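Fold and geometry: a report
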Amino acid sequence: MYETIEALAIPQEAKERLRIMFIAKHALWDGGLHPEDGNHALYHHETRMILEEIGLNLTLANSFDALLTRPDVDFVFPLLNRAGFVNSEMLAPLLCNMHRVPYLGASPIIRGLSDDKHLSKLVAVRAGVPTSPWAIYRRGAPVDEADCPKGDRLVIKPNASSASWGVQDATDWSGVAHAIADIHNQGHDAIVEPFLNGSDVEVPVITIGDPVVLPMLIFQQADPTHLRTYYEKRDLVGRAHKYSLDPFDDPEWTPKIAELTTRLFREFRPFDYGRFEFRLDRESGEVQFLEVNLNCNLWSEKVFGRAAKLAGLTQAELIETILADSLRRNGLIGY
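Read on for an overview of the structure. Keep in mind that this is a model prediction, so the values were computed, not measured. (Residues numbered from 1 in each chain as written. Predicted model: local features only at pLDDT ≥ 70, side-chain atom pairs only at ≥ 80, totals over all residues. Heavy atoms only, no water.)

**Some thoughts on the sheet that holds strand S1 (residues 19-23)**
What the three strands build is an open sheet, ordered S2-S1-S3; its pairing is parallel. Every interior strand has two partners, whereas the edge strands, strand S2 (57-61) and strand S3 (75-78), have only one. Neighbour-to-neighbour, the strand axes of the sheet open up by a mean angle of 25°, direction not taken into account. Of the pairings in the sheet, the one linking S1 to S3 comprises four bridges and is parallel in character. Across the sheet, Ile 23 pairs through a bridge with Pro 78, a residue of S3. Packed onto the sheet, helix H2 (residues 40-54) meets S1, S2 and S3 and runs at close to 160° relative to S2. (Pairing = 2+ DSSP bridges. Helix = DSSP H or I, 4+ residues; strand = E, 2+ residues; numbered from the N terminus. Axes fitted to C-alpha atoms, helices over the stretch in contact; angles between N-to-C directions. Contact = heavy atoms within 4.5 Å.)

What follows is the structure, encoded as structure tokens:
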């Protein structure tokens, strides 16, 4: 059984008083899969509908143009994360900081820290969280084989990508070097790490005053050696026979992973909400930190929405609870 979480509600007077901007690539989308972004468009549409149903005084925007001059709002709910250029995670909060407009989520420097897989792994090592070896190959810097971690199979991916965009694998240095060059040619830094057998345990965390670990889920893989792709994660190709997203309440591993998550989230506070990911190999009895995604996908069909349901929250209650606590943290409402 999972612990039930009590939802927060934004006071009616605050709903009437506060002008809130929702900015997302698909904030104006009318439903259906996007040909490139797939279910991400469904997620933005669902979130917009919930914010409207909550009864907020809402302004909608779908590009950074809305933040280039100071918007006539009191608070920004930014989901314009992957905007088509490197480190775009940081731009919305940076522009909000420039205009001194409070916003949902972590500060620009923390967003950048979490977006950079190499830096996040350094944080994990500092926090004493098990992390497999890796190498960072920055675009324009030397690509030296001596820096590459050892392994029979290596994973190469953009250092600041999401949903496994651009992920590749290789079994020798020639393949690794080719993959690095390909990623560099697309304008990204590359990170290289050994492929880890097992399944990904997803740990969603929200803050209600203090961080709260929601029920965990696991991407249970039919084949523990399968490398999940962007197209699978965005529902642009079939993947039902490859892996499933299931509740994870293993009596041995859940408390261990929760403790590791607690060590990690101390390094990123305040962040309002985020997802911490670990690779669990039950056969070897090992768990390794993979990455952290702050201000990540909240869609009802993904990790956060399904975890919220296990904790007794509707999707609307999840969104309102996260938003209410951030408004409180930013001094816009009181509890």
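**Points about the side chain of Asp 250**
Looking at where Asp 250 falls in the secondary structure, it is placed in the loop between strand S11 (243-248) and helix H9 (253-265). Among the polar contacts made by the side chain of Asp 250, one reaches the main-chain amide nitrogen of Glu 252 at a distance of 2.8 Å. Reaching out from Asp 250, the side chain makes a polar contact with the side chain of Arg 282 at a distance of 3.4 Å. (Polar contact = N/O pair within 3.5 Å; in protein donor to acceptor, adjacent residues only side chain to side chain.)

**Description of the pairing of strand S9 (residues 210-213)**
In the sheet, strand S8 (residues 199-208) pairs with S9 via four bridges, with the strands oriented antiparallel. Residue pairing for S9: Val 205 is matched across the bridge by Val 213. Counting the residues that bridge the hairpin from S8 to S9 gives one residue, and of these Gly 209 lies at a positive phi of roughly 80°.

**Re the side chain of Glu 46**
Positionally, Glu 46 belongs in helix H2. No salt bridge is formed by the buried Glu 46; the nearest opposite charge belongs to Lys 309, separated by 11 Å. Of note is the side chain of Glu 46, whose polar atom sits 2.5 Å from the side chain of Ser 300. Apart from residues lying up to four places away in sequence, Glu 46 is in contact with Trp 299, Ser 300 and Gln 315. (Buried < 20%, exposed > 50% of the residue type's maximum accessible area, 1.4 Å probe, protein only. Lys, Arg positive; Asp, Glu negative; His and termini not counted. Salt bridge = Lys/Arg side-chain N within 4 Å of Asp/Glu carboxyl O.)

**Description of the packing of aromatic side chains**
Under the definition given, this model contains six aromatic pairs. Here the guanidinium or amino end of Arg 153 rests over the ring plane of Phe 195, the centre of that ring lying 4.0 Å away. Stacked on the ring of Phe 195, the Lys or Arg Arg 279 has its end atom at 5.7 Å from the ring centre. (Phe/Tyr/Trp six-rings, centres within 6.5 Å; stacked < 30°, edge-to-face > 60°. Lys NZ or Arg CZ within 6 Å of the ring centre and 35° of its normal.)

**Here we look at the nonpolar core**
Counting residues in each nonpolar core, the largest one holds 42 residues, and the members touching the most others are Leu 51, Phe 77, Tyr 273, Phe 304, Leu 323 and Leu 327. Of all the secondary-structure elements, those providing two or more residues to this core are S1, H2, S3, strand S10 (216-221), S11, helix H10 (303-310) and helix H11 (315-329). Broken down by element, the residue count for this core peaks at six residues, all from H11. Membership of the second largest hydrophobic core comes to 27 residues, among which are Ile 110, Val 205, Phe 248 and Phe 265. (Core = buried A, V, L, I, M, F, W, Y, C linked by side-chain atoms within 4.5 Å.)

**Concerning the pattern of salt bridges**
Taken as a whole and judged by the stated rule, the model has 22 salt bridges. Connected through shared salt-bridge partners, Lys 121, Lys 157, Glu 193 and Glu 291 make up one network.

**Describing unusual backbone geometry**
Here the bond from Arg 269 into Pro 270 is cis, since omega is -10°, no more than 30 degrees from zero. Of note, the phi angle at Arg 100 is positive, near 60°, even though the residue is not glycine. When you line up the elements, Arg 100 lands in the loop between helix H4 (91-99) and helix H5 (108-115). The phi torsion at Asn 295 lies on the positive side, around 50°, for a residue other than glycine. For Asn 295, a relative accessible area of 2% corresponds to the buried category.

**Considering the environment of Leu 332**
In this fold, Leu 332 is placed in the segment after H11. With a relative accessible area of 18%, Leu 332 lands in the buried category. Taking the C-alpha atoms as reference, Leu 332 lies 8.1 Å from Ala 14; in sequence the two are 318 residues apart. Once residues within four sequence positions are removed from consideration, Leu 332 is found in contact with Arg 17, Leu 18, Asp 74, Phe 75, Pro 102 and Leu 327.

**A few points about the state of the cysteines**
Note on terminology: disulfide describes a covalent bond linking the sulfur atoms of two cysteines. Counted by the stated rule, this structure contains zero disulfides. No disulfide involves Cys 96; its sulfur sits 18 Å from the nearest other cysteine sulfur, which is in Cys 296. (Disulfide = S-S within 2.5 Å.)

**Quick word on the sheet that holds strand S7 (residues 190-194)**
Reading across the sheet, the four strands line up as S4-S7-S5-S6 and stay open at both edges, with antiparallel pairing between neighbours. Two strands lie at the open edges of the sheet, namely strand S4 (135-137) and strand S6 (168-170), each paired on one side alone. The sheet shows a mean angle of 25° between the axes of neighbouring strands, direction not considered. Pairing geometry for strand S5 (residues 154-158) and S6, over three bridges, is antiparallel. Bridge pairing in S6 places Ile 156 opposite Gln 168. Together, S4, S5 and S7 form the strand contacts of helix H6 (residues 117-126), whose direction differs from that of S7 by roughly 50°.

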